[in-house]
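Structure assessment
In case you want the letters, here they are:
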Amino acid sequence: MKLISLAILFCIITFTNTFAQVDYASQIQPIFSANCTGCHGGTSGVTLNSYSAVMNSTGAQYGIKIVSPGNAALSPLVEKIKANPSKGGRMPQGGSLSSEQITLIETWINEGANSVPTSIEDDAKTPLTFALDGNYPNPFNPTTTIRFSMSNSATVLLQVYSIRGNLVLTKNAQFGSGSNQIPVDLHGLASGTYLYTLTAHSPSFGIQRVNGKMLLIK
Ligand code: HEC
């Protein structure tokens, strides 16, 4: 039982991370534009008015690039927005960012300091259509296959519930555009109706959900 809870927790964490990737243009640049660019069009080697300028800035005091992709702890940019930096004063000069803004910047750098969240560039323009094509066979014993189609690639989470609302199975994987299948095995479970939810997640279109029903007969 403990193992199953751990496995579910793991799925949820992986899933959440995939979804939570920080987007530079909509989440990071606005922080710099509101708090930093008034001074940093070159002050102390730092220009913060575009992605490429941020990535190419070498701090005059630190002598290294202010962003070290994948490593917030080694990035002067992060040290300078926290209390008591090793060189000079806390940024923005004369104030401070909120802890949420600081965490967001750290997360963006730790995720690789990308200009766009990774691997969704191709999907960003098309809205998602996500359709459930049912499960076959149905009724089944004890295996069946859920089919669905999507216009984009996305992470999809499957959750199967008993009629009483107990979660009996979760699966989470990345799927491509077009027709897809998820095999389901409910051996060891009682005959009856099971409900399921497919949730597709992608930073480009957010969340979409479809629901289905299936009948296990032994
Ligand atoms: C009012 C002007 C002002 C604002 C606003 C400001 N800075 Fe600075 N910044 C400076 C000055 C002056 C220095 C050099 C002196 C120092 O480090 O205290 C500096 C230094 C830095 C450095 C170190 C570069 C080096 O010398 O190695 C970084 C990184 C930095 N700022 C980032 C930021 C960020 C990020 C923001 C916004 C959250 C910001 N600054 C807002 C004036 C400003």
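1. A word on the packing of helix α2 (residues 24-35) against helix α5 (residues 99-110)
- Viewed as axis vectors pointing N to C, α2 and α5 meet at an angle of 130°, and their least axial separation amounts to 11 Å. Accordingly, the angle class assigned to the pair α2 and α5 is oblique. You can see that α2 and α5 cross each other, and the crossing is left-handed. For the pair α2 and α5, the contacting residues are Tyr24, Gln27, Ile28, Ile31, Phe32 and Asn35 in the first and Gln101, Leu104, Ile105 and Trp108 in the second.
- In terms of residue class, the contact of α2 with α5 is built from 7 nonpolar, 3 polar and no charged.

2. Let's talk about the coordination of the iron atom of the ligand
- Every protein donor of the iron atom of the ligand is listed here as His40 (NE2) and Met91 (SD), and their distances to the metal cover 1.9 to 2.2 Å.
- Each of the 6 donor atoms around the iron atom of the ligand contributes to a set of angles spanning 84 to 178°, which defines the coordination as octahedral. Taken together, the positions of His40 in the loop between α2 and α3 (51-56) and Met91 in the loop between α4 (76-81) and α5 put the pair 51 residues apart, joining distant regions of the chain.
- Note on Met91: relative accessible area 19%, which makes it buried.

3. Describing unusual backbone geometry
- With an omega of 0°, the peptide bond between Asn138 and Pro139 qualifies as cis.
- Look at the link from Asn141 to Pro142: it is a cis peptide, with omega at -20°.
- Mapping Pro142 onto the fold places it in the loop between β1 (130-136) and β2 (143-150).
- Its identity is not glycine, yet Asn84 carries a phi of approximately 50°, on the positive side.
- Its relative accessible area of 73% is what places Asn84 among the exposed residues.
- Look at Ala113: it is not a glycine, yet its phi comes out positive at around 50°.
- Here Ala113 lies in the loop between α5 and β1.

4. Some thoughts on the confidence of the model for the protein
- Looking at the protein, the pLDDT average stands at 86 and 85% of residues meet or exceed 70.
- Here helix α1 (residues 2-20) is the element of the protein with the lowest mean pLDDT, 51, and α4 is the one with the highest, 96.
- Contacts for the low-pLDDT stretch residues 12-20, under 50 throughout, to residues beyond four places or in other chains number 14 contacts.
- In the predicted structure, residues 120-125 sits below a pLDDT of 50 and forms 8 contacts with residues beyond four places in sequence or in another chain.

5. Some details on the site of the ligand
- Neighbouring residues of the ligand: 21 residues in total, closest Cys36, Cys39, His40, Lys80 and Met91.
- One of the side-chain nitrogen or oxygen atoms of Ser44 is found 2.7 Å away from an oxygen atom of the ligand.
- Contacts to the ligand include Gly89, whose backbone N or O atom sits 2.9 Å from an oxygen atom.
- At 3 residues, the largest contribution of residues to the shell around the ligand is made by α4.
- Taken together, the residues that form the shell around the ligand break down as 11 nonpolar, 9 polar and 1 charged.

6. Considerations on the pairing of strand β3 (residues 154-162)
- Along β3, 8 of the 9 residues are buried, which leaves the element largely enclosed by surrounding structure.
- Pairing of β3 with strand β4 (residues 167-175) involves 8 bridges; the strand directions are antiparallel. Bridge pairing links Ala154 to Phe175 in β4.
- Between β3 and β4, which pair antiparallel in sequence order, lie 4 residues; one of them, Gly165, sits at a positive phi of approximately 95°.
- Note: β3 against strand β6 (residues 192-202), 8 bridges, orientation antiparallel. Note on β6: the bridge partner recorded for Thr155 is His201.

Conventions and cut-offs
- Residues numbered from 1 in each chain as written.
- Predicted model: local features only at pLDDT ≥ 70, side-chain atom pairs only at ≥ 80, totals over all residues.
- Heavy atoms only, no water.
- Axes fitted to C-alpha atoms, helices over the stretch in contact; angles between N-to-C directions.
- Helix = DSSP H or I, 4+ residues; strand = E, 2+ residues; numbered from the N terminus.
- Parallel < 35°, antiparallel > 145°, perpendicular 65-115°, else oblique.
- Left-handed = near helix turned anticlockwise from the far one by under 90°.
- Contact = heavy atoms within 4.5 Å.
- Nonpolar A, V, L, I, M, F, W, Y, C, P; charged D, E, K, R; others polar.
- Donors = N, O, S within 2.8 Å, 3.2 Å for Na, K, Ca; no water.
- Tetrahedral: all angles 85-135°; square planar, octahedral: opposite > 155°, others 65-115°.
- Buried < 20%, exposed > 50% of the residue type's maximum accessible area, 1.4 Å probe, protein only.
- pLDDT = per-residue confidence, 0-100.
- Near = heavy atom within 4 Å.
- Polar contact = N/O pair within 3.5 Å; in protein donor to acceptor, adjacent residues only side chain to side chain.
- Pairing = 2+ DSSP bridges.

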